[in-house]
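Here are the chains, one letter per residue:
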Amino acid sequence: MIEQENTQDTGLSDVLNILVQSTVETFEAASHCQVTKGNVHKTTHTTPEYSVSFINELSGIVKGIMIITMPRKTAVEVAQTVSKYRLDNAVFFIEGKADHSAVAEQIIDSLKQIVSDITDKVHEISAEKSIDLNCMTANYILGESGNLRQYGFQQYLVINFHIADKGVFALELGMTLTPKNERMARKIFKSRMSNAGEK
């Protein structure tokens, strides 16, 4: 869930807009298909919405995680678009029969690149808007093994998306504003590091 203070000074809507824009633009570029945002809801599930998920740590103005999660079928459809391999045996991955096969590794490698591009886009747009927001990929999960409670959030905001001709995926967000004193200390530290680099 997104824990919110007074919206006058939070910038949470800016953070949401950056994460959604980065995700849509990157998936459209990778899949060569239109991506549309669907419904938004909250969940208390302890596992991600779908069976292929990537965990991304958020820091800066907020602390938390962004989970990019999709069904196996969507994962295969998108990976086939961006991968240099023909994934003829991808049906085994879809049916969950070969999570650790070479096919699965090819699919995950393709999706890792997309997720990496999303984090790069987050940094790019944040810099343009002068917002201190960082995103770093931490892990990926196959199947139902992930436990979202370990990240300290009881609820997550789920934003659903649809990729034309490819399938669905979702962002699951759990984040809270970084305390103002920590934000100020971070800003001072970054300024000093920048000044040191110029000398």
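This section reports on the structure supplied with the text. (Residues numbered from 1 in each chain as written. Predicted model: local features only at pLDDT ≥ 70, side-chain atom pairs only at ≥ 80, totals over all residues. Heavy atoms only, no water.)

**Some points on the pattern of salt bridges**
Right, so step 1: Taken as a whole, this structure holds three salt bridges when the rule is applied.
Right, so step 2: Linking Glu25 and Lys121 is a salt bridge whose minimum nitrogen-to-oxygen distance equals 3.4 Å. With a gap of 96 residues between them, Glu25 in helix α1 (residues 12-31) and Lys121 in helix α4 (residues 102-128) connect regions that are remote in the sequence.
Right, so step 3: Two residues, Lys121 and Glu124, come together in a salt bridge whose shortest N-O distance is 3.8 Å. Within this pair, Lys121 and its partner Glu124 are both found in helix α4, separated by three residues, close to a single helical turn.
Right, so step 4: Take Glu124: its relative accessible area is 41%, and that puts it in the partly exposed class. (Salt bridge = Lys/Arg side-chain N within 4 Å of Asp/Glu carboxyl O. Helix = DSSP H or I, 4+ residues; strand = E, 2+ residues; numbered from the N terminus. Buried < 20%, exposed > 50% of the residue type's maximum accessible area, 1.4 Å probe, protein only.)

**Focus: the environment of Ser59**
Right, so step 1: Structurally, Ser59 is set in strand β3 (residues 52-60).
Right, so step 2: Relative accessible area serves as the criterion here: at 29%, Ser59 is assigned to the partly exposed category.
Right, so step 3: Taking the C-alpha atoms as reference points, Ser59 and Thr176, 117 residues apart in sequence, are found 9.8 Å from one another.

**Quick word on the side chain of Ser31**
Right, so step 1: Topologically, Ser31 is positioned in helix α1.
Right, so step 2: Within the structure, the side chain of Ser31 is placed 2.6 Å from the backbone oxygen of Phe27, a separation counted as a polar contact. (Polar contact = N/O pair within 3.5 Å; in protein donor to acceptor, adjacent residues only side chain to side chain.)

**Describing the environment of Ser83**
Right, so step 1: Along the chain, Ser83 turns up in the loop between α2 (72-82) and α3 (90-94).
Right, so step 2: On a C-alpha basis, the gap between Ser83 and Ile107 in space is 7.7 Å, while along the polypeptide they are 24 residues apart.

In short, geometric facts, not functional conclusions.
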